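A look at the structure
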Amino acid sequence: MSDLVGEYFDAAVEHLHRIRTEEAGSIDRAAELLAEAVADGRRIFTFGAGHSSLAAQDVVYRAGGLVVINLLNVPGMTGVNVMPAPLGSALERVSGLATTTLDLTPARAGDLLFVISLSGRQTMPVELAQHARSRGLTVIGVTSLAYPGEVSSQHSSGTYLKDHCDVVLDSKIAVGDGELSHPAAGTTFGSVSTIVTSALMQAVVASAVGRLADRGITPPLFRSGNVDGGTEWNVKVMADNAERIYYTF
């Protein structure tokens, strides 16, 4: 029997090395846009549907993260938090849900939106990116460019997320989202898409933090609430940036 544990870790590490090298330019461009948005006092949002929401949530309200990044929380799209679970997949094909959610936020022209979708084919991420840009937002897409050309777009325009972004971060995940196989399994398995997509998001944030610090701007960062003084620090930094935070009351 093959060493599936070793194969899985090897696949994850190989993907991380690949995006580090091949996506360096796109990461730099995205980081510069994020740093500028923070420095200029603009609003910043992240969105992902289903499991893509995990990478969107990973940079919101967490230790070492930028305080001013907000989750665009479209109903039914945060992981598998709806019952039955297939409803979440169905909602991703509903027109108007994400765009209406965006319109009900304080987002305005000049703000920054990350849209995360592995395939970039479903109605919701395509429509959201298209609508956000029409409103003057800057859109950074995180997707796999292996999908367009291999799978059909589910949006009425026939376009994909990649077609409506100012910057695209390519996760390079293969169609099917499985790195491993077994003769008796029937399909591929062992997804690394969450690891890779979260790494792309965290790399952009890390680079943006460094850019701000290099310019003499103190990045508004969270400390861990599990270290002494962390909670007090976080209360202050949230109060200092309250006008751009939409996940508190």
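Going by the structure above, here's the rest.
What comes next is a walk through the structure. For clarity, every value in this text was computed on a predicted model and none was experimentally measured. (Residues numbered from 1 in each chain as written. Predicted model: local features only at pLDDT ≥ 70, side-chain atom pairs only at ≥ 80, totals over all residues. Heavy atoms only, no water.)

**Things to note about the packing of aromatic side chains**
Scanning the entire structure with this criterion turns up 4 aromatic pairs. Ring centres of Phe-45 and Tyr-246 lie 5.9 Å apart, and the angle between their planes is 10 degrees; this geometry places the pair in the stacked category. One end of the pair, Phe-45, is in strand β1 (residues 44–48); the other, Tyr-246, is in the segment after α8 (230–240), and 201 residues separate them in sequence. Taking relative accessible area as the criterion, Phe-45 reaches 2% and is therefore assigned buried. A ring pair is formed by Tyr-61 and Phe-222, whose centres lie 5.2 Å apart and whose planes are at 85 degrees; its orientation type is edge-to-face. (Phe/Tyr/Trp six-rings, centres within 6.5 Å; stacked < 30°, edge-to-face > 60°. Helix = DSSP H or I, 4+ residues; strand = E, 2+ residues; numbered from the N terminus. Buried < 20%, exposed > 50% of the residue type's maximum accessible area, 1.4 Å probe, protein only.)

**Observations concerning the pairing of β1**
The buried fraction of β1 is high, at 5 of 5 residues. Residue alternation in β1 divides its side chains into two sets, Ile-44, Thr-46 and Gly-48 and Phe-45 and Phe-47, and both sets are buried. Direction of pairing for β1 relative to strand β2 (residues 69–71): parallel, over a ladder of 3 bridges. Along β2, the bridge assignment pairs Thr-46 with Leu-71. Both β1 and strand β3 (residues 112–116) contribute to a ladder of 5 bridges, which runs parallel. Across the sheet, the residue bridging to Thr-46 is Phe-114, located in β3. (Pairing = 2+ DSSP bridges.)

**Describing the environment of Leu-200**
As for its position among the elements, Leu-200 is in helix α7 (residues 193–214). The class for Leu-200 is buried, based on a relative accessible area of 0%. Remark: the alpha-carbon pair of Leu-200 and Ile-27, spanning 173 residues in sequence, is separated by 7.5 Å. If we ignore the near neighbours within four places in the chain, the residues touching Leu-200 are Ile-19, Glu-23, Ile-27, Val-142, Leu-169, Asp-170 and Ser-171. (Contact = heavy atoms within 4.5 Å.)

**Some details on α7**
The end-to-end C-alpha distance of α7, which contains 22 residues, comes to 31 Å, matching closely the 32 Å that a straight helix rising 1.5 Å per residue would cover. Those residues of α7 lying buried are Ser-193, Val-196, Thr-197, Ser-198, Leu-200, Met-201, Val-204, Val-205, Ala-208, Val-209 and Leu-212. Just downstream of α7, Gly-216 is the residue with a positive phi angle, here 80 degrees. (Expected span 1.5 Å × (residues − 1).)

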